[in-house]
Amino acid sequence: MKSVADYNYLIVGGTTKAATTSLFAYLTDHPAICAATYKETRFFLSSDYPLPSKYRYTGDAEAYALLFPNCHETQLRMESTPDYLYCEKARERIAEFLPQAKLVFSLREPISRLISWYRFAKQIGKLPQTLNFDAYVESLFAYLDTEREGKEAEVQHMQTLQQGCYAVYLQPYLDQFGPARIHTLFYEELAAQPAVVMANLCKFADIDADFYNDYAFKVTNRTENMRNSEVHRRYRDLRFRLRQWTHNKPIIHNPLRAIRRTIEPIYLRLNTQPDKEIQLSKETQHRLIDYYQHDIDALAELIGRPLPWKPLPASNS
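Treat the numbers as computed from the prediction; the structure is a model and nothing was measured. (Residues numbered from 1 in each chain as written. Predicted model: local features only at pLDDT ≥ 70, side-chain atom pairs only at ≥ 80, totals over all residues. Heavy atoms only, no water.)

**Q** What exactly am I supposed to notice about the confidence of the model for the protein here?
**A** The predicted coordinates of low-pLDDT regions are not to be read in fine detail. Counting all residues, the mean pLDDT for the protein is 86, and 80% of those residues have values of 70 or more. Mean pLDDT per element in the protein: strand β6 (residues 225-226) is the minimum at 52, and strand β4 (residues 102-107) is the maximum at 98. (pLDDT = per-residue confidence, 0-100. Helix = DSSP H or I, 4+ residues; strand = E, 2+ residues; numbered from the N terminus.)

Here it is as structure tokens:
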């Protein structure tokens, strides 16, 4: 009988708000891939990582097989947990228990990603609606200045500033797995040329890229400006709990998923409003540019190619 270690895996990680949900959907549709029963299994995250999960490693790696109940032996098993990028324990466990795994990391220009996360944190009620972006950034720098060991296990949404320093987190993965098992892609390219990005990813994963020739690339999990963030927080919590309970019960899960696809667009029309442009001062802009520039340069050198981001304007500070 085969163990978890005997199969081939494609593990999708990366930063938050970098289209990992859309990427998971695109890969799930490929016939050569068998996806985990839900996105973000979070299985290999450390026990104190501040994200809930039904299945978390507790000493038995074979429990990972429960997330792939209907896979053919020849299929590539795939899951997506963005926060694996930021978790040292996850890196160590994947290396130990999935010796044939390949990893994909989706990244996004750090300042636009931070703005998107700010919108998202308001959407799900993690930040007060009255908090402006400048004040949020100020709180992140203040939090960084007082950081102590283990703080990443306390408040996830306060980690967003340093989590935009991708080279710091990507380097240990490259050291441990080697460049042949790591593929880096970018949100901006996936949004602009999804067919090209998916063709390159298929080559890396050793699966047929022709599947995506006439594929309809739809964006999922788009950040919205909510009318009532508390209602949306409760809706997301209910959705998460139902998915945890039904993911391995297809007789229940599939009809509920179909119902969700019908009612969610209606719900979003009722509980969203037009986006407001995020205002940031020149001081905040320059502060963020200064903070990220060194890591951006390091990332380009690390992956060996130019980044698909417009050069950050020179800071006056």
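Additional details are given in the paragraphs that follow.
**Q** Help me out: how do you make sense of the sheet that holds strand β2 (residues 33-35) in this one?
**A** Note: strands within a sheet are paired through backbone hydrogen bonds, in either parallel or antiparallel orientation. Ordered by their spatial adjacency, 5 strands build an open sheet running β2-β3-β1-β4-β5, and the pairing between neighbours is parallel. Both outer strands of the open sheet, β2 and β5 (182-186), are each paired with one neighbouring strand and no more. On average, adjacent strands in this sheet sit at an angle of 25° to one another, irrespective of strand direction. Where β2 and strand β3 (residues 76-80) come together, 3 bridges link them in parallel fashion. Directly across from I33, in β3, lies its bridge partner L76. (Pairing = 2+ DSSP bridges. Axes fitted to C-alpha atoms, helices over the stretch in contact; angles between N-to-C directions.)

**Q** Whenever I open this one, the pattern of salt bridges confuses me. Can you help?
**A** Once the charged atoms of two side chains with opposite charge are near each other, the side chains can pair. One pass over the structure, following the stated rule, counts 5 salt bridges. Between R42 and E40 there is a salt bridge whose closest N-O contact spans 2.9 Å. Judged by relative accessible area, E40 falls into the buried class, the value being 19%. Within this structure, K39, E40 and R42 form a network of salt bridges that share partners. (Salt bridge = Lys/Arg side-chain N within 4 Å of Asp/Glu carboxyl O. Buried < 20%, exposed > 50% of the residue type's maximum accessible area, 1.4 Å probe, protein only.)

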